[in-house]
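# Tertiary structure, described
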Amino acid sequence: MRLTQGQFSFLPDLTDPEIAAQCAYALDQGWSMAVEFTDDPHPRNVYWEMWGAPMFDLKDPAGVVIEVNACREAQPRCYVRLLAFDASKGFETLRMSFIVHRPPDEPGFELIRADGPGRNIGYTLRPYAADAPPGRRYGPGRTP
Amino acid sequence: MTTPSNVIDATVPDRIDLAALANQVELGEMFEELDAELVGLAPVKRRIQEISALLVVDRARAQVGLTSTPPSLHMCFTGNSGVGKTTVARRMARILHRLGYIRRDHVVSVTRDDLVGQFIGHTAPKTKEALKRAMGGVLFIDEAYYLYRPENERDYGQESIEILLQVMEDNRDDLVVILAGYSEQMKAFFSSNPGMASRVAHNIDFPDYSTEELFRIAKLIAEQMNYRFDAEGAVAMLDYIKRRQARPNFANARSIRNALDRARLRQARRLCDGWSAVVDREALETIRAEDIRASRVFTDGDDGR
Amino acid sequence: MTKTGEIAPLAAKERYKPGVLKYKQMGYWAPDYEPSETDILAVFRITPQDDVDPEEAAAAVAGESSTATWTVVWTDRLTDHSHYQAKAYRLEPAPGSPGQYFAYIAYDIDLFEEGSIANLTASIIGNVFGFKPLKALRLEDMRIPTAYLKTFQGPPTGIVGERERLNCYGRPLLGATMKPKLGLSGRNYGRVVYEALSGGLDFTKDDENINSQPFMHWRDRFLYCMEGVNKANAVSGEIKGHYLNVTAATMEDMYERAEFARDLGSVIVMIDLVIGYTAIQSMAKWARRNDMILHLHRAGHSTYTRQKAHGVSFRVIAKWMRMAGVDHIHAGTVVGKLEGDPNVVRGIYDTCRETHVPKNLEHGIFFDQPWASLKKMMPVASGGIHAGQMHQLLTYLGEDVVLQFGGGTIGHPMGISAGATANRVALEAMVKARTEGRDIWNEGPDILVQAARSCAPLRAALDTWAHVTFDFASTDSVDFVPTPTAS
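I will try to describe carefully the structure that is included in this document. Here the structure is a predicted model, which is why all the values come from computation and not from measurement.

A tally of helices and strands in chain A yields two helices and six strands. Secondary structure elements in chain A, listed N-terminal to C-terminal, are α-β-β-α-β-β-β-β. With the C-alpha coordinates aligned to their principal axes, the bounding extent of chain A is approximately 55 × 40 × 25 Å. Here chain A holds 144 residues, and 52% of them are scored as buried. Considering only intrachain contacts with a sequence separation of at least 6, the fraction spanning at least 24 residues in chain A is 55%. Of the accessible surface of chain A, which amounts to about 6600 Å², a share of 55% is contributed by carbon and sulfur atoms.

Spelled out as structure tokens, the structure:
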């Protein structure tokens, strides 16, 4: 299973220069960038761990790419994403979000159905990886 | 930075017109601007021309397929206060940018306080933050020797220096670092931080301005503010400069600018005396001898304010 | 109404003598009037009958859309009549359309009930459109003052809220309308939902006329669709949705259906424009209370928006809908099969998405329109668009839009899921290229061909549809065309 959150998950994984090109656009718009990582990619897991605070006042993407690589190195078994924040009125939200690193294997999600009266069904998604404790959820060493 | 991509061509030329290459990036115009903006500083300008020549030749070599490692561009500017180190750093950034050695024409200027934290764990994020902001351009570290405080063994400056060294080595394509400060202190700093010394490729020493240069600077600054000296005022200014140079805490062009600010104040006071005068344009733009000679440089022995 | 002629203002005694007066004489023509900041302004395109004075026609429109009737009534004198009168304050010939004029009319804010589109429209388009002395009448644009805007809830979710809920940023959303529109059983219908969403779309959609017909009752539809949505969420790790159309005969039915959609975990429900403004406002309030995105299908609008001389321009409908409070509105594609001149569409998109829309006659925007803090509506582009047009769609419509490829997904030669994937790959490749600084307008086809090298479904889509275009002149175009200056 390939997690397809973010802007570019249907394309081949972005190379560092491609990531830098995306960052350059964001910085030119005056947006700030942040690196985040998680071992729980549930689509409603909004708050991934922050790899440091958002980077304000950068002019060049090289600094962002340094942090992306540092995060990848420290969290090889996590998903890592790059975000761009727009502080301008009317937005004040994310303007970009894309995955820049994936764990070596992605087990996907279980769909749990809770039957109710009148054929109603309550649906819940559960990452298969959540069976393992944090830190051991993806890739080699994952509890089967 | 690696070879600028726009010079890579499938067809390797056998002759390169260096002048054309320099014209292409308007190098001549930049030197002229530098001349107009900065009085004197002949040795500094010569060094900038040398570095520029090196970079143009480097580009030309790349065009004919002579590969070599890209030149190291980290620099050290030494000299006293007010000799134009910051201004030259800005100019240098523009030249490096035009020639394609940095991606952005920007200078991030920092001192020890921006890089070194007060507590354990604070220094690395602060230094990295400054480095990230400077990426793509020039990081100008003023009074760089304050990073190193051997007298305090728990000082975090050393941590900052190590991060700087790492980035100066790993991200040569992304960043040019310029260290600046007084000559003697920089020498001491380099002798106790040989790693830093070995990564700085260009040392540019900024001499103090001569009396005559300072006088030209004074006239230039006055002109920019739409003031002028009358004949006696000019004599007084020259006289002031000679006295001021001999005093402690003399800060070259900066001292001249401050002196002129004070002269403006005195001129205004003179014109408004009693709030009864009607003045003409000439009176409003003229700085007279008395506006300068009222300075304490001419009377007592402190620093001339 | 009588023939052209100069008319002098009347003293009160004359003015209220029983009988018939010209609307101008009754005070509805006020060329010296300075609209106040809190006035509601409207600009109408009027086509007077051949022997009718255009100023009198403008005054009549002002009168008939506010206080007047065809004859003098003494009861006017029991009110502060000149305060309540609408005032035609400006008249201009419509460029290039002989016999047509733009009449600007100001309405005092006291004429309208707060927060009620029904009340606003009952005045502005209530009686006046059938008025005999006019051959035709079209409401071109309105300026809603901040004071009145703030009495409306506006979109329940807004573009920012929608993106944060869906966890989807920085690219247009992708959708598809289920086809065939009618006749599928619930089970078969849900299959199309699952295939399209699991292939890469963010949304699928009921069509406007899917309610609760004999071939598929609404509960069945909701249950099978949500099975498809949730399965697709599980295979992608994304948050997806199906616009469950809750349009029904009565409000009670609509609430029942909307609540069922909510209980099943749907993020979005849908209504049709034909349910009426009051029902729309009720559903907007329901959606705000229940944290649901509200999709509006503009079913029926072309009966009155398309003709240039008569009706209501869609940008006005879009304005009313932003006030009434919907989150999605179909707003044109430019390149697809349905009506949509690029400049007109631009004006409508600005009306949906901007926090302040400046006057821009070339886009059909006649007034500055600040939107106070009403949220933004997500425009939806739907009807005859396909992956091969991705560069044009992104250029014309920008990033905050839902691109809906119905036939362009479901008609894909390799299947529905492949059709969805083709669209998603084309979209991501185009957004990435745009951000990298490439000239997507010109390089678009190459970018798509490049992306298709590693995506067989996109290759097939391009082979099938790359040459399909709908190149007809629009009937609703703007009147003001920029002319090159001679300097």
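This part takes up the nonpolar core. Judged by nonpolar contacts, the single largest core of 174 residues is most densely connected at C:F44, C:W320, C:M321 and C:M323. Every residue in contact with C:M323, bar those within four places of it in the chain, is listed here: C:I117, C:L120, C:I144, C:Y148, C:L149, C:F152, C:Q153, C:G154, C:W371 and C:L374. Formed by 60 residues, the second largest nonpolar core is a distinct cluster that contains B:A22, B:Y209, B:F215 and B:F250.

As a further point, take the interface of chain C and chain A. Interfaces are frequently sized by the accessible area removed from exposure as the parts join. Across the boundary between the two partners, chain C contributes 41 residues, which contact 37 residues of chain A. Across the interface of chain C and chain A, roughly 3200 Å² is buried in total on both sides, 52% from carbon and sulfur atoms. Broken down residue by residue, the surface that chain C buries against chain A is led by C:Y169, C:K432 and C:T435, which jointly contribute 18%. Between chain C and chain A we count three salt bridges in total. Note that A:R119 is salt-bridged to C:D220, the shortest N-O span being 3.1 Å. At the junction of chain C with chain A, the criterion picks out 17 residue pairs in polar contact (both at pLDDT 80 or more). Here the side of chain C that touches chain A gets 12 residues from one element, more than from any other, and that element is helix α8 (residues 218-236) of chain C. Of the residues that constitute the side of chain C that touches chain A, the class distribution is 14 nonpolar, 12 polar and 15 charged.

What follows deals with the arrangement of the chains. Counting contacts across all two pairs of chains that touch, the top pair turns out to be chains A and C. Nothing in chain B touches chain C, and the closest approach of their C-alpha atoms is 16 Å.

Attention now moves to the pairing of strand β4 (residues 93-101) of chain A. All names here are of chain A. Most of β4 is tucked away: nine of the nine residues are buried. Inspection of the sheet shows strand β3 (residues 79-86) paired to β4 by seven bridges, in the antiparallel sense. Within β4, the position partnered with L82 by the bridge is F98. Between β3 and β4, which pair antiparallel one after the other, the connecting turn spans six residues, and G90 there sits at a positive phi close to 95°.

Counted under the stated rule, the structure contains zero disulfides over all chains. In this structure A:C78 is a free cysteine whose sulfur lies 7.5 Å from that of A:C71, the closest cysteine sulfur available.

Axes are the key here: two packed helices are described by the angle between their axes and the distance separating the axes. Residues and elements named next belong to chain B. Relative to each other, helix α10 (residues 211-224) and helix α12 (residues 252-271) sit at 45°, their axes nearing to 10 Å. Between α10 and α12, the angle is such that the two are oblique. Along this stretch, α10 crosses α12, giving a crossing that reads as right-handed. Contacts between α10 and α12 pair L214, I217, A218, I221, A222 and Q224 from the former with N252, A253, I256, R257 and L260 from the latter.

Bringing helix α4 (residues 85-98) of chain B into the picture now. Residues and elements named next belong to chain B. Between its first and last C-alpha, α4 extends 20 Å over 14 residues, near the 20 Å set by a 1.5 Å rise per residue. Turning to α4, its buried residues are K85, V88, A89, R91, M92, A93, I95 and L96. G100 sits one or two residues past α4 and shows a positive phi near 85°.

Residues and elements named next belong to chain B. Read from one edge to the other, the open sheet built from five strands follows the order β2-β3-β4-β1-β5, with strand pairing classed as parallel. Looking at strand neighbours, the two that pair on one side only are β2 (107-110) and β5 (202-206), the edges of this open sheet. Neighbour to neighbour, the strand axes of the sheet diverge by 20° on average, direction disregarded. Note: β2 against strand β3 (residues 138-142), four bridges, orientation parallel. Residue pairing in the sheet places V108 in a bridge with L139 of β3. Across the sheet, helix α3 (residues 42-63) lies against β1 (75-79) and β5, angled at about 160° from β5, the strand it touches most. Packing of α4 onto the sheet brings it into contact with β1, β2, β3, β4 (176-181) and β5, and relative to β1 it is tilted by some 155°.

Turning our attention to the interface of chain B and chain A. Every contact between the two is made by 10 residues of chain B and, on the other side, 13 residues of chain A. Counting the surface lost from both chain B and chain A, the interface buries some 930 Å², and carbon and sulfur atoms represent 54% of this. Scanning the region where chain B abuts chain A turns up four salt bridges. Salt-bridge contacts for A:D60 lead to B:R104; the nearest nitrogen and oxygen are separated by 2.9 Å.

Quick look at the environment of B:Q158 now. Residue and element names in this part refer to chain B. Counting through the fold element by element, Q158 comes out in helix α7 (residues 157-170). Given the relative accessible area of 30%, Q158 is considered partly exposed. Along the backbone, Q158 and R133 are 25 residues apart, and their C-alpha atoms lie at a distance of 21 Å. Residues within four places of Q158 in sequence aside, it is in contact with L147, Y148 and N193.

Our next topic: the pattern of salt bridges. Side-chain pairs of opposite charge can arise where the charged atoms are in close proximity. All told, the structure shown has 60 salt bridges over all chains when counted by the stated rule. Across the pair B:K132 and A:E67 runs a salt bridge whose closest N-O atoms are separated by 2.9 Å. A residue pair is termed interchain when its members come from two chains, as with B:K132 in helix α6 (residues 123-134) and A:E67 in helix α2 (residues 62-74). What makes B:K132 buried here is its relative accessible area of 10%. The closest approach of N and O atoms between C:R434 and C:E399, which form a salt bridge, is 2.8 Å. Note that C:R434 is positioned in helix α16 (residues 416-435) and C:E399 in the loop between α14 (390-397) and β15 (402-404), a separation of 35 residues in sequence. Taking relative accessible area as the criterion, C:E399 reaches 12% and is therefore assigned buried. Ionic contacts of the salt-bridge type, sharing partners, join the residues C:R45, C:R138, C:E140, C:K308, C:R315 and C:D479 into one network.

Residue and element names in this part refer to chain C. Every buried residue of helix α4 (residues 117-124) is accounted for by I117, L120, T121, S123 and I124. The arc that holds the buried residues of α4, viewed along the axis, is 160°, so those residues lie on one side. Looking at the buried positions of α4, the neighbouring elements they touch are β1 (40-48), β3 (101-107), β4 (134-143), α5 (146-149), α10 (277-290) and α12 (314-324).

A few words now on the sheet that holds strand β9 (residues 293-297) of chain C. All names here are of chain C. What the eight strands build is a closed barrel, ordered β5-β6-β7-β8-β9-β11-β14-β15; its pairing is parallel. Taking each pair of neighbouring strands and ignoring which way they run, the sheet shows an average axis angle of 25°. Looking at chain direction, strand β5 (residues 173-177) and strand β6 (residues 203-205) are connected through three bridges and run parallel. Each residue of the ladder has a partner; that of A176, found in β6, is T204.

Right, let's talk about the packing of aromatic side chains for a bit. In total, this model carries 27 aromatic pairs over all chains according to the counting rule given. Where A:F37 meets A:W51, the ring centres are 6.2 Å apart and the plane angle is 75°; that geometry is what we call edge-to-face. Of this pair, A:F37 sits in strand β1 (residues 32-38) while A:W51 sits in the loop between β2 (49-50) and α2; the two residues are 14 residues apart in sequence, bridging distant segments of the chain. Taking the relative accessible area as the measure of exposure, A:F37 reaches 12% and is therefore buried. Between C:Y104 and C:F366, the ring centres sit 6.4 Å apart and the planes meet at 65°, which makes this aromatic pair edge-to-face. With a gap of 262 residues between them, C:Y104 in strand β3 and C:F366 in the loop between β12 (356-357) and β13 (369-370) connect regions that are remote in the sequence. We note that C:Y104, like C:F366, is buried. These aromatic residues form a ring-pair network of at least three members: C:Y89, C:F102, C:Y104, C:F366, C:F367 and C:F480. Across from the ring centre of C:Y33, 5.3 Å away, lies the NZ or CZ of C:K87, which sits over that ring. Its guanidinium or amino end placed over the ring of C:Y104, C:R90 lies 4.2 Å from that ring's centre, counting from NZ or CZ.

Conventions adopted
Residues numbered from 1 in each chain as written. Chains lettered and ligands numbered in written order. Predicted model: local features only at pLDDT ≥ 70, side-chain atom pairs only at ≥ 80, totals over all residues. Heavy atoms only, no water. Helix = DSSP H or I, 4+ residues; strand = E, 2+ residues; numbered from the N terminus. Buried < 20%, exposed > 50% of the residue type's maximum accessible area, 1.4 Å probe, protein only. Contact = heavy atoms within 4.5 Å. Areas by Shrake-Rupley, 256 points an atom, 1.4 Å probe, with all protein chains shown as cover. Core = buried A, V, L, I, M, F, W, Y, C linked by side-chain atoms within 4.5 Å. Buried area = accessible area lost by both parts, 1.4 Å probe. Salt bridge = Lys/Arg side-chain N within 4 Å of Asp/Glu carboxyl O. Polar contact = N/O pair within 3.5 Å; in protein donor to acceptor, adjacent residues only side chain to side chain. Nonpolar A, V, L, I, M, F, W, Y, C, P; charged D, E, K, R; others polar. Pairing = 2+ DSSP bridges. Disulfide = S-S within 2.5 Å. Axes fitted to C-alpha atoms, helices over the stretch in contact; angles between N-to-C directions. Parallel < 35°, antiparallel > 145°, perpendicular 65-115°, else oblique. Left-handed = near helix turned anticlockwise from the far one by under 90°. Expected span 1.5 Å × (residues − 1). Arc of directions from axis to C-beta. Phe/Tyr/Trp six-rings, centres within 6.5 Å; stacked < 30°, edge-to-face > 60°. Lys NZ or Arg CZ within 6 Å of the ring centre and 35° of its normal.

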